[in-house]
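Architecture and fold: a report
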Amino acid sequence: MLHSLSARFRRLGLQWRIMLYVTAGLVVFFAIFSFFALQAIQQSTELVYRERLLVAQTVARKLDDNLSDLRTDLERASALVIPALAVNDLDQVYSSLHTLYDYWTRLHHSETPWIIVLTDPDGRIVWSEPPSRNL
């Protein structure tokens, strides 16, 4: 069989041989080019993935810090509000919550307004900062 292919190749004219050589060269060149192009795409994809992961980790860390700060602020406020509620000193409760509201407003200059709501055990609103018209 190999002898048969060799004999057929020798019988081809010069034009056909040149066409086969050029075609074989183009196939090899295309294969090499495709390999390197796929490698470049893979590296680019990996780089974009790492950058997105870094951004997501940074955002998550910032959100975690903000939530931690918010929790600390609420724990400090509750340390003042709970004893005042225990002795039914509503003026102290409202003063503490108003102070917390002012602190958040100064610290976080955001377009979304802060709202602090104090409810009774049944879920009815007792007090809010800023004052609500629905009370």
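Residues numbered from 1 in each chain as written. Predicted model: local features only at pLDDT ≥ 70, side-chain atom pairs only at ≥ 80, totals over all residues. Heavy atoms only, no water.

Notes on the packing of helix α2 (residues 14–86) against helix α3 (residues 90–107)
- For the pair α2 and α3, interaxial distance at closest approach is 8 Å and the crossing angle is 165°. In terms of their interaxial angle, α2 and α3 are classed as roughly antiparallel. As for how α2 packs across α3, the hand of that crossing is right-handed. Between α2, through L70, D73, L74, A77, L80, V81, A84 and L85, and α3, the contact on the second element is made entirely by L90, Q92, V93, S96, L97, L100, Y103 and W104.
- Taken together, the residues that form the contact of α2 with α3 break down as 13 nonpolar, two polar and one charged. (Axes fitted to C-alpha atoms, helices over the stretch in contact; angles between N-to-C directions. Helix = DSSP H or I, 4+ residues; strand = E, 2+ residues; numbered from the N terminus. Parallel < 35°, antiparallel > 145°, perpendicular 65-115°, else oblique. Left-handed = near helix turned anticlockwise from the far one by under 90°. Contact = heavy atoms within 4.5 Å. Nonpolar A, V, L, I, M, F, W, Y, C, P; charged D, E, K, R; others polar.)

Let's talk about α3
- With 18 residues, α3 should reach 26 Å at 1.5 Å per residue; the first-to-last C-alpha distance of 25 Å fits that figure.
- Taken as a whole, α3 has its buried residues at V93, S96, L97, L100, Y101 and W104. Projection of α3 onto a plane perpendicular to its axis shows the buried side chains occupying an angular sector of 135°, all on one side. Counted as exposed and oriented over 90 degrees from the buried face of α3: D91 and R106. (Expected span 1.5 Å × (residues − 1). Buried < 20%, exposed > 50% of the residue type's maximum accessible area, 1.4 Å probe, protein only. Arc of directions from axis to C-beta.)

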